[in-house]
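# Structural characterization, general
Given next are the chains, with one letter for each unit.
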Amino acid sequence: MHPDFKNLIDTASFAGASDVCILPSSSIVVEQRLAEICHQPRCENYGLSLSCPPHVEGPHHFQELQGKTSYAMVIRIDVPSEVLFSSERDEVMRLLHEIVAAVERQAVDIGYNRSKGFAGGSCKRFFCADHSDCRVISGVGGCRNPGSARQSMSGFGINVGKMMAAAGWDDKKNNTAAAPAETETSWVAGLVMIG
């Protein structure tokens, strides 16, 4: 493995990632129909932040980025399934954004200048829920969290299930019939295109 990638993987792992996989950037599948789900039926986060549609460039832009990058780093955080249906979910998603942002910054710092990170969900919900508006969209200032918040994978049509399969990870909950409900686990995922 290239030493740069080991350092990037270590950064993600030390920050809280459960697993990391490096793939060819071309293995990330984008689909226009997935991006359209943000519009119809309209996601509750639609238009609320710079990280979500209609303020992101969409699948075509992501495919252009794939042409300029060689690798994709897929980041996974495993969590108890019940967390994703509790108030703790926002903390996990905020952590995901922070990990992706840290890896993106490090990749740029070591010379991969075209690197760009993507995470799950809306940065408005995870970073600025206590504020009525996104400052960028309302035109009153810059992003409150530019070092942490990243654009949502959904708006670019990234097929997360196929991304997880390409990484060799099961996209289903990690549970068995004999396991009690409190031990069921699920995951959230992020992505850094490296180039």
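Data block above holds the structure.
Quick summary incoming for the structure in this document. (Residues numbered from 1 in each chain as written. Predicted model: local features only at pLDDT ≥ 70, side-chain atom pairs only at ≥ 80, totals over all residues. Heavy atoms only, no water.)

### With respect to the overall build of the chain
- Along its length, the chain carries seven helices and five strands.
- Going residue by residue from the N terminus, the α and β elements of the chain occur as α-β-α-α-β-α-β-α-α-β-α-β.
- Each of the three principal axes of the chain carries a C-alpha extent, and together these read 50 × 40 × 30 Å.
- Buried residues in the chain amount to 44% of all 195 residues. (Helix = DSSP H or I, 4+ residues; strand = E, 2+ residues; numbered from the N terminus. Buried < 20%, exposed > 50% of the residue type's maximum accessible area, 1.4 Å probe, protein only.)

### Quick notes on the pairing of strand 3 (residues 116–119)
- Two elements, strand 3 and strand 5 (residues 185–194), share three bridges in a ladder whose sense is antiparallel. Among the inter-strand pairings, Phe118 is bridged to a residue of strand 5, identified as Leu191.
- As defined by bridge partners, strand 3 adjoins strand 4 (residues 151–152) across two bridges and the pair is classed as parallel. Note that in strand 4 the partner of Phe118 across the bridge is Gln151. (Pairing = 2+ DSSP bridges.)

### Regarding the side chain of Asn45
- Considering the arrangement of structural elements, one finds Asn45 in the loop between helix 2 (32–36) and helix 3 (59–68).
- Apart from the residues lying within four places of it in its own chain, the contact partners of Asn45 are Cys52, Ser122 and Arg125. (Contact = heavy atoms within 4.5 Å.)

### Side note on unusual backbone geometry
- Residue Pro41 follows Gln40 across a cis peptide bond; omega there is 0 degrees.
- Mapped onto the fold, Pro41 is located in the loop between helix 2 and helix 3.
- Here Pro53 and Pro54 are connected by a cis peptide whose omega angle stands at 5 degrees.
- Within the secondary structure layout, Pro54 lies in the loop between helix 2 and helix 3.

Keep in mind these numbers describe shape, not what the thing actually does.
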